[in-house]
Amino acid sequence: MLEIRDLEAGYGGVMALAGVTLSVAAGEFVSVVGPNGAGKTTLFKTVSGTVAARAGSIRFEGQDLLAVPAHQRPHLGIAHVPEGRQVFPSLSVEENLQMGAFTEAGRRDWAANIEYIYRLFPILLERRRQLAGTLSGGQQQMVAIARGLASSPKLLLLDEPSMGLAPTVADQIFDAVVEIRRARNLTVVLVEQRAVEALESCDRGYVLETGRVVLSGGQNELLSDDRIRKAYLGM
Ligand code: ATP
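Residues numbered from 1 in each chain as written. Predicted model: local features only at pLDDT ≥ 70, side-chain atom pairs only at ≥ 80, totals over all residues. Heavy atoms only, no water.

Asks: How should the overall build of the chain be read in this particular structure?
Replies: Per the secondary structure count, the chain includes 11 helices and 10 strands. A compact globule built from 235 residues would reach a C-alpha radius of gyration of about 18 Å, and the chain, at 17 Å, matches this within 12%. Structurally, the chain occupies a C-alpha span of about 45 × 45 × 30 Å along its principal axes. With 235 residues in all, the chain has 49% of them scored as buried. Of the contacts formed within the chain by residues at least 6 apart in sequence, a portion of 68% connects residues at least 24 apart. Of the roughly 10,500 Å² of accessible surface on the chain, 50% is carried by carbon and sulfur atoms. Of the charged side chains in the chain, 24 are positive and 26 negative, and the gap between their average positions amounts to 3 Å. (Helix = DSSP H or I, 4+ residues; strand = E, 2+ residues; numbered from the N terminus. Rg over C-alpha atoms; globule rule 2.2 N^0.38 Å. Buried < 20%, exposed > 50% of the residue type's maximum accessible area, 1.4 Å probe, protein only. Contact = heavy atoms within 4.5 Å. Areas by Shrake-Rupley, 256 points an atom, 1.4 Å probe, with all protein chains shown as cover. Lys, Arg positive; Asp, Glu negative; His and termini not counted. Charge placed at Lys NZ, Arg CZ, Asp CG, Glu CD.)

Given below as structure tokens:
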């Protein structure tokens, strides 16, 4: 579904992606883990189009994505749930979800999506008229994910959903992602610094360091890899 080859991107003199190659098949749940500054957010931004690629290619369902303007990419079925949630703080929960339903598919599926979202996150139903900016961090993350779902995507890009959340709240979010993927048959790419939790949730993973893929493999392969255990598990 998503084929990224030799992708390079950066900011002025900073080379954030130095030739990244990765692929995600339809229905897969793939994690991209790595330390601060590895280029994880930049990777997503080049897929959603807010950062321009300097070299390489991105194909989505066979189509040359780099030839598609950023504002049209959500209509192809790509939802980017950004780092730091970026909810609209002065809109209600439900208005945030409506903002997510701006694609044709999102408008068509609104009733079914909203029913699913409120079943998945009952607290959002309870708080649907509350301003999103007044919610807790975990609840705002639910809104951000739900807003992405409201566009009826095929591919969901989740950028560090656990950031700033207490471990138990982060676990709830990871569980919700696993459930969404199962129930909606979505393709999910999750970027995380919490490598272990992310790898435990997914099918396959990539480890990104200073703009390069340094390791990739299946969930069990990565979780038992000595380099991962040393770097991320402190073993
Ligand atoms: P984090 O977990 O901190 O978000 P990351 O793996 O997502 O890290 P990126 O945010 O993609 O990494 O950053 C990759 C590199 O690009 C870093 O060296 C970072 O300092 C740099 N960078 C990111 N955004 C900008 C920007 N807007 N201007 C200049 N440099 C940037």
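Asks: When you look at the packing of aromatic side chains in this model, what are you seeing that I'm missing?
Replies: Centre distance and the angle of the planes are the two values used to describe a pair of aromatic rings. By the definition in use, this model includes zero aromatic pairs. The ring of Y116 carries R184 above its face, with NZ or CZ at 4.2 Å from the centroid. (Phe/Tyr/Trp six-rings, centres within 6.5 Å; stacked < 30°, edge-to-face > 60°. Lys NZ or Arg CZ within 6 Å of the ring centre and 35° of its normal.)

Asks: What should I look at first to understand the site of the ligand in this one?
Replies: As a structural note, the neighbourhood of the ligand is formed by 14 residues, with N36, G37, K40, T41 and T42 the closest of them. Alone, the ligand offers 620 Å² of accessible surface; in the complex the protein occludes 63% of this. For the shell around the ligand, the secondary-structure elements that each account for two or more residues are strand 2 (14-24) and helix 1 (40-48). For the shell around the ligand, the element with the most residues is helix 1, which contributes three residues. Class assignment of the residues belonging to the shell around the ligand gives a composition of five nonpolar, six polar and three charged. (Near = heavy atom within 4 Å. Nonpolar A, V, L, I, M, F, W, Y, C, P; charged D, E, K, R; others polar.)

Asks: For this particular structure, what's the right way to read the sheet that holds strand 8 (residues 187-192)?
Replies: Strand-to-strand pairing in sheets goes through backbone hydrogen bonds, with the strands running parallel or antiparallel. The strand order 6-7-8-3-9-10 describes an open sheet built from six strands, whose pairing is mixed. Each edge of the open sheet carries a strand with a single partner, namely strand 6 (78-81) and strand 10 (212-218). Between one strand axis and the next, the sheet turns through 15° on average, direction left out of account. Two elements, strand 3 (residues 29-33) and strand 9 (residues 204-209), share four bridges in a ladder whose sense is parallel. Across the sheet, residue V33 finds its bridge partner in strand 9, namely V207. Strand contacts of helix 8 (residues 167-184): strand 3, strand 7 (155-159) and strand 8, with the helix running at about 160° to strand 8, the strand carrying the most contacts. (Pairing = 2+ DSSP bridges. Axes fitted to C-alpha atoms, helices over the stretch in contact; angles between N-to-C directions.)

Asks: Even after reading the chapter, I still don't get helix 7 (residues 137-149), so can you show me in this structure?
Replies: Three or four residues apart is the spacing at which side chains of an α-helix point the same way, because the helix has 3.6 residues per turn. For helix 7, built from 13 residues, the straight-helix expectation of 18 Å at 1.5 Å per residue is met to within 8% by its first-to-last C-alpha distance of 18 Å. Of all 13 residues making up helix 7, 12 are buried, and the element is well covered by its neighbours. All buried positions along helix 7 are accounted for by G138, Q139, Q140, Q141, M142, V143, A144, I145, A146, R147, G148 and L149. In this fold, the buried residues of helix 7 make contact with strand 6, helix 3 (93-100), helix 5 (110-120), helix 6 (122-126), strand 7 and helix 8. (Expected span 1.5 Å × (residues − 1).)

Asks: Sorry, what's going on with the sheet that holds strand 1 (residues 2-11) here?
Replies: The four strands are arranged 2-1-4-5 in an open sheet whose pairing can be described as antiparallel. Looking at which strands have only one partner, the edges of the open sheet turn out to be strand 2 and strand 5 (63-64). Here five bridges tie strand 1 to strand 4 (residues 55-60), and the two strands are oriented antiparallel to one another. Within strand 4, the position partnered with L2 by the bridge is F60. Docked against the sheet, helix 1 engages strand 1, strand 2 and strand 4, running at close to 110° with respect to strand 1.

Asks: Help me out: how do you make sense of the nonpolar core in this one?
Replies: Proteins that are soluble and globular tend to have nonpolar side chains buried together. Core analysis: the largest hydrophobic core is formed by 46 residues, its most contacted members being I117, L124, I145, L149, L156 and L158. The contacts of L158, once residues within four sequence positions are left out, are F44, V81, I145, V177, V188, V189, L190 and V191. With 26 residues, the next largest nonpolar core counts A9, L17, I58 and L65 among its residues. (Core = buried A, V, L, I, M, F, W, Y, C linked by side-chain atoms within 4.5 Å.)

Asks: So what exactly am I meant to see when it comes to helix 1 here?
Replies: Taken across its nine residues, helix 1 has eight buried, putting it largely inside the fold. Listed in full, the buried residues belonging to helix 1 are K40, T41, T42, L43, F44, T46, V47 and S48. With its phi angle positive at about 100°, G49 sits one or two positions after the end of helix 1.

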